[in-house]
Amino acid sequence: MYKKKIAIAMAGIMACASLIGCGSKGNSNKIVVWTNMEVETETIQKLADAWGAANGMEVEVIHQSPSVQKFAQAVKSADGPDAVIGIPNDQLADYVNANLAAEVPAEVYNDADFSESAVQACYVDGTRYAAPLSVETIALFYNTEKVSEVPDSWEELVEVASDIGGVQFDATSIYYDLGFVRACGGYIFNYSDGAYDVSDIGLGNEGALEAYNFINSLCNEYGLVSADVTADIARSNFQNGQTAFYIGGPWDIDGFESAGTPFAITKMPTFNGEEFVTPVGTQVSFVSNESDNQEKAWELISYIIENGALDLYESGDRIPARLSDQNLSQIQDNEYSKAFIEQINVGEPMPTVSEMGQLWSIFVNNIRSMWTGELTPEQTGENIVSQLQEAVELMDSGK
């Protein structure tokens, strides 16, 4: 009987050890958080400490630029992360596909309280796996000494820009060209009911071809852009006063202010009579599927969303994803932030699917070939779709 009790006890110990090896901390009062937001790490720690003190929990916030492989390995250790707070939404699908992210409980937040694009960024295959924290996008910068009145449409903008100093941006990238494509009825992957259909590619339809014709004219008719004009070169030329217009993000503001560039920011002009849809990047938070503290981790994430908007805005210029926070006077009084918020709320996320990673270089290479005359706009669309289909099929075959 004594030996039998020993055997049962040992079996219990081995089972416990096995659970610890799979990510249990052995300390139900501690939560480990990784964050990709380096500048804001200290702010997140202070918010976590306040929540922890009120809830009898210890929270350790670690700045980490996570990868799926690194995260998968770390959650197996006793001191691995319970959650990630602040990671670009375009990485979320990789964690979901690796079964590393837990579904969001219904009570954590209401979708209607947040920018539509931010909410969309938190869904993968129709299921909600993350909570939106902050949002960012691109908008139109203009030199206030060169531009007296900003054109309302792209059709007007190219005419004005040709006369007063040009407009520059990386026009080979789908990141900057998305608005042209969407305004004409094109799309990357069809989105419906919270999920993307990666077999339905809209980059070669009639609308997309209309957009490519316009993008081609920016280079070959107006001479405003070229393959040599990268995002860095466009930024430098605007900063030095060489160009009148520039498309960029909040990350450009400090550099322009330091250089003394006379500038203002406004929502993007319309194109083809439609709003110019820009990609909205959302910093999202999720909880590890391996965590033994999932409920508490979600409570912490909710606390930071509900109480940390101004702190994160002041420490890292992070525009909150929650609509009520975007309307705070401290944020609305900043003309730059106000312009970005207006643009964010007509934007959309890049597709939250792993297959999106296959598109970037395909799009760049084909736009460059169109500009050199190697491809017509129609052939450009055909190439982009066929090459993306092949890349997705190859990717899926390796799963």
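For the structure given in this document, a descriptive report is provided here. From a predicted model like this one, the values you see are computed outputs, not experimental measurements.

## Some thoughts on the overall build of the protein
In terms of regular secondary structure, the protein is built from 17 helices and 14 strands. Expected size for 399 residues packed as a compact globule is a radius of gyration near 21 Å; at 24 Å, the protein falls within 12% of this value. For the protein, the share of sequence-separated contacts (at least 6 apart) that also reach a separation of at least 24 residues comes to 77%. On the protein, roughly 17,500 Å² of surface is accessible, and the fraction owed to carbon and sulfur atoms is 46%.

## Looking at the sheet that holds strand β8 (residues 167–168)
Sheet architecture is open: four strands sit in the order β8-β11-β7-β12, paired in mixed fashion. Two strands in the sheet have a free side with no partner beyond their single neighbour: β8 and β12 (263–266). Bridging between strand β7 (residues 139–143) and strand β11 (residues 245–248) involves four bridges; their strand directions are antiparallel. Looking at β11, one finds that Ala139 is bridged to Gly248. Here helix α9 (residues 231–239) sits on the sheet and contacts β7, β8, β11 and β12; the angle it forms with β11, its principal contact strand, is near 135°.

## Quick notes on the packing of aromatic side chains
Throughout the structure, instances matching the rule amount to 27 aromatic pairs. For the pair Trp34 and Phe71, a centre-to-centre distance of 5.8 Å together with 80° between the ring planes defines the contact as edge-to-face. Of the two residues, Trp34 is situated in strand β1 (residues 30–35) and Phe71 in helix α3 (residues 68–74); the sequence distance between them amounts to 37 residues. The class for Trp34 is buried, based on a relative accessible area of 7%. Overall, the relative accessible area of 0% leaves Phe71 in the buried class.

## A closer look at the environment of Val104
Mapped onto the fold, Val104 is located in the loop between α4 (92–97) and α5 (116–120). For the pair Val104 and Ala130, spaced 26 residues apart in sequence, the C-alpha to C-alpha distance is 6.2 Å. Beyond its immediate stretch of four places on either side in the chain, Val104 contacts Tyr109, Arg128, Tyr129, Ala130 and Trp298.

## Regarding a negative patch on the surface
Taken together, the side chains of Glu149, Asp152, Glu155 and Glu156 make up a negatively charged region of the molecular surface. Tracing the backbone shows Glu149 in the loop between β7 and α6 (154–164).

## Notes on the sheet that holds strand β2 (residues 58–63)
The six strands lie next to each other as β2-β1-β3-β13-β6-β14, forming an open sheet whose pairing is mixed. Two strands in the sheet have a free side with no partner beyond their single neighbour: β2 and β14 (319–320). Of the strand pairs in this sheet, β1 and β2 are connected by six bridges, and their pairing is parallel. When the bridges of β2 are listed, Lys30 appears paired with Glu58.

## As for the pattern of salt bridges
If you walk through the whole model with that rule in mind, you get 11 salt bridges. A salt bridge links Arg182 to Glu348, with the shortest nitrogen-to-oxygen separation between them at 2.9 Å. Pair noted here: Arg182 is in helix α7 (residues 174–183) and Glu348 is in the loop between α15 (335–344) and α16 (359–371), with a separation of 166 residues, a long-range link. Residue class for Arg182 comes out partly exposed when judged on its relative accessible area of 29%. In this structure, Arg322 engages Asp325 in a salt bridge whose closest nitrogen and oxygen atoms are separated by 3.0 Å. Each member of the pair, Arg322 together with Asp325, is buried. Overlapping salt bridges bring together Glu40, Glu136 and Arg318 as one network.

## A few points about the side chain of Ser354
Note that Ser354 resides in the loop between α15 and α16. The class of Ser354 is buried, set by a relative accessible area of 15%. At a separation of 2.5 Å, a polar atom in the side chain of Ser354 contacts the side chain of Asp94. Ignoring any residue separated from it by four or fewer positions in sequence, one finds Ser354 in contact with Ala93, Asp94, Asn97 and Met395.

## Comments concerning helix α11 (residues 294–307)
The end-to-end C-alpha distance of α11, which contains 14 residues, comes to 20 Å, matching closely the 20 Å that a straight helix rising 1.5 Å per residue would cover. Residues of α11 that are buried include every one of Ala297, Trp298, Leu300, Ile301, Ser302, Ile304 and Ile305, and no others.

## Describing unusual backbone geometry
Within the chain, Asn99 stands out as a residue other than glycine whose phi angle is a positive 60°. Note on placement: Asn99 falls in the loop between α4 and α5. Judged by its relative accessible area of 55%, Asn99 falls in the exposed class. Even without being a glycine, Asp193 presents a positive backbone phi close to 55°. Topologically, Asp193 is positioned in the loop between β9 (189–192) and β10 (195–201). Judged by relative accessible area, which is 73%, Asp193 ranks as exposed.

Criteria and cut-off values
Residues numbered from 1 in each chain as written. Predicted model: local features only at pLDDT ≥ 70, side-chain atom pairs only at ≥ 80, totals over all residues. Heavy atoms only, no water. Helix = DSSP H or I, 4+ residues; strand = E, 2+ residues; numbered from the N terminus. Rg over C-alpha atoms; globule rule 2.2 N^0.38 Å. Contact = heavy atoms within 4.5 Å. Areas by Shrake-Rupley, 256 points an atom, 1.4 Å probe, with all protein chains shown as cover. Pairing = 2+ DSSP bridges. Axes fitted to C-alpha atoms, helices over the stretch in contact; angles between N-to-C directions. Phe/Tyr/Trp six-rings, centres within 6.5 Å; stacked < 30°, edge-to-face > 60°. Buried < 20%, exposed > 50% of the residue type's maximum accessible area, 1.4 Å probe, protein only. Patch = residues over 30% accessible without salt bridge, like charges linked within 9 Å, V, L, I, M, F, W, Y side chains within 5 Å. Salt bridge = Lys/Arg side-chain N within 4 Å of Asp/Glu carboxyl O. Lys, Arg positive; Asp, Glu negative; His and termini not counted. Charge placed at Lys NZ, Arg CZ, Asp CG, Glu CD. Polar contact = N/O pair within 3.5 Å; in protein donor to acceptor, adjacent residues only side chain to side chain. Expected span 1.5 Å × (residues − 1).

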